Amino acid sequence: MSVFTPLERHELEVFLSPYGLGRLRDFQGIAAGSENSNFFVSLEQGEYVLTLVERGPVTDLPFFIELLDVLHDAGLPVPYALRTQDGEALRSLAEKPALLQPRLSGKHVREANAHHCQEVGSLLARIHLATRDAPIERRSDRGLDWMLAEGPSQALKLPETELPLLRDALAEIADLKPRILALPRANLHADLFRDNVLFDGNHLAGVIDFYNACSGPMLYDLAITLNDWCSHEDGSLDGARARALLGAYAALRPFTAAEAELWPAMLRVACVRFWLSRLIAAESFAGQEVLIHDPGEFQRRLAQRQQVNLPLPFAL
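Treat the numbers as computed from the prediction; the structure is a model and nothing was measured.

1. What to know about the pattern of salt bridges
Consideration 1: Enumeration over the complete set of coordinates arrives at 19 salt bridges.
Consideration 2: With its nearest N and O atoms 2.4 Å apart, the salt bridge here joins Asp145 to Lys177. Taken together, the positions of Asp145 in helix α4 (residues 144-155) and Lys177 in helix α5 (residues 163-181) put the pair 32 residues apart, joining distant regions of the chain.
Consideration 3: We classify Lys177 as partly exposed; its relative accessible area is 24%.
Consideration 4: For Arg301, the salt bridge is made with Glu297, and the minimal N-O distance between the two is 3.2 Å. With Arg301 and Glu297 both in helix α9 (residues 296-304), this residue pair falls four residues apart, about one helical turn.

2. Quick look at the packing of aromatic side chains
Consideration 1: A full pass over the atoms with the stated rule returns eight aromatic pairs.
Consideration 2: Centre to centre, the rings of Phe64 and Tyr211 are 5.4 Å apart; their planes meet at 65°, and the pair counts as edge-to-face. Here Phe64, found in helix α2 (residues 61-73), pairs with Tyr211, found in the loop between β8 (203-207) and β9 (214-217); they are 147 residues apart in sequence, far enough to count as distant. Here Phe64 and Tyr211 have matching classes, each one buried.

3. Here we look at the packing of helix α6 (residues 218-229) against helix α8 (residues 257-284)
Consideration 1: For the pair α6 and α8, interaxial distance at closest approach is 8 Å and the crossing angle is 60°. On the basis of the axis angle, α6 is oblique to α8. Crossing hand, α6 versus α8: right-handed. Note on element contacts: α8 touches α6 through Glu259, Leu262, Trp263, Met266, Leu267, Val269, Ala270, Cys271, Arg273 and Phe274, opposite Leu219, Tyr220, Leu222, Ala223, Ile224, Leu226 and Asn227.
Consideration 2: For the contact of α6 with α8, the residue count by class is 14 nonpolar, one polar and two charged.

What counts and what doesn't
- Residues numbered from 1 in each chain as written.
- Predicted model: local features only at pLDDT ≥ 70, side-chain atom pairs only at ≥ 80, totals over all residues.
- Heavy atoms only, no water.
- Salt bridge = Lys/Arg side-chain N within 4 Å of Asp/Glu carboxyl O.
- Helix = DSSP H or I, 4+ residues; strand = E, 2+ residues; numbered from the N terminus.
- Buried < 20%, exposed > 50% of the residue type's maximum accessible area, 1.4 Å probe, protein only.
- Phe/Tyr/Trp six-rings, centres within 6.5 Å; stacked < 30°, edge-to-face > 60°.
- Axes fitted to C-alpha atoms, helices over the stretch in contact; angles between N-to-C directions.
- Parallel < 35°, antiparallel > 145°, perpendicular 65-115°, else oblique.
- Left-handed = near helix turned anticlockwise from the far one by under 90°.
- Contact = heavy atoms within 4.5 Å.
- Nonpolar A, V, L, I, M, F, W, Y, C, P; charged D, E, K, R; others polar.

Next comes the structure, spelled out in structure tokens:
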């Protein structure tokens, strides 16, 4: 189970008291996390999620709180930070930064269909539109510079058959970096995978886990999302799902010509980001009871993205 910091009931009761939400009924660790410790918390006044932030500098946490407030105010189904009766949103528990948020309804989708992808495309466009005019600045700690810095050392550990794939992708990132950074920007979720979206039947009920959120090119966020929601097991793209996602997104935010031109490359960049992070996680947490996602999943997707026959719709 991916709970890095276990909690005792009495210390959790002390932490929760200032929120004025009633007595603690029950709590349990959430196994799905791979970076932070998360708990479902049941109180007399409702259901909540407690997050202990295990990775990243504490100085970034006000950014996440502010971004979620902006998205909540825009009517998006996000888990904004609750305040204590004294107005505190960011607190400390077990010597870790801690946030308490409402628990959103719904369940994760394992097998996505075109309708799910359409809903996700609309949601992502709404996130971008809510922040496009005034992005809250935060540089990603897993951005292009990180890929170029970490990539070569990871490439050396790969089988010889896989090394050229990563080496060529890193060269492409270095070449295209100035053009990518010039693309239209907003705040990005940057990790909008199926396990971070909740559906209640066919209705998209919530989006969670903004701890990779940053400011950057909207097209990059779209590529990350599409690579997860619209890929077959062998890494190839499902055309029907991909067109549903892109069409719903474009109906709210049309693409530019520059975005259309860089779209195939951006799909590859998004594959590199998660291939590298999963390779590093697999090495760092080897032998521990931590959820480790398969790095090979993104190796296969990157291999399939060498040729992309999926143009962006309605590019201006």
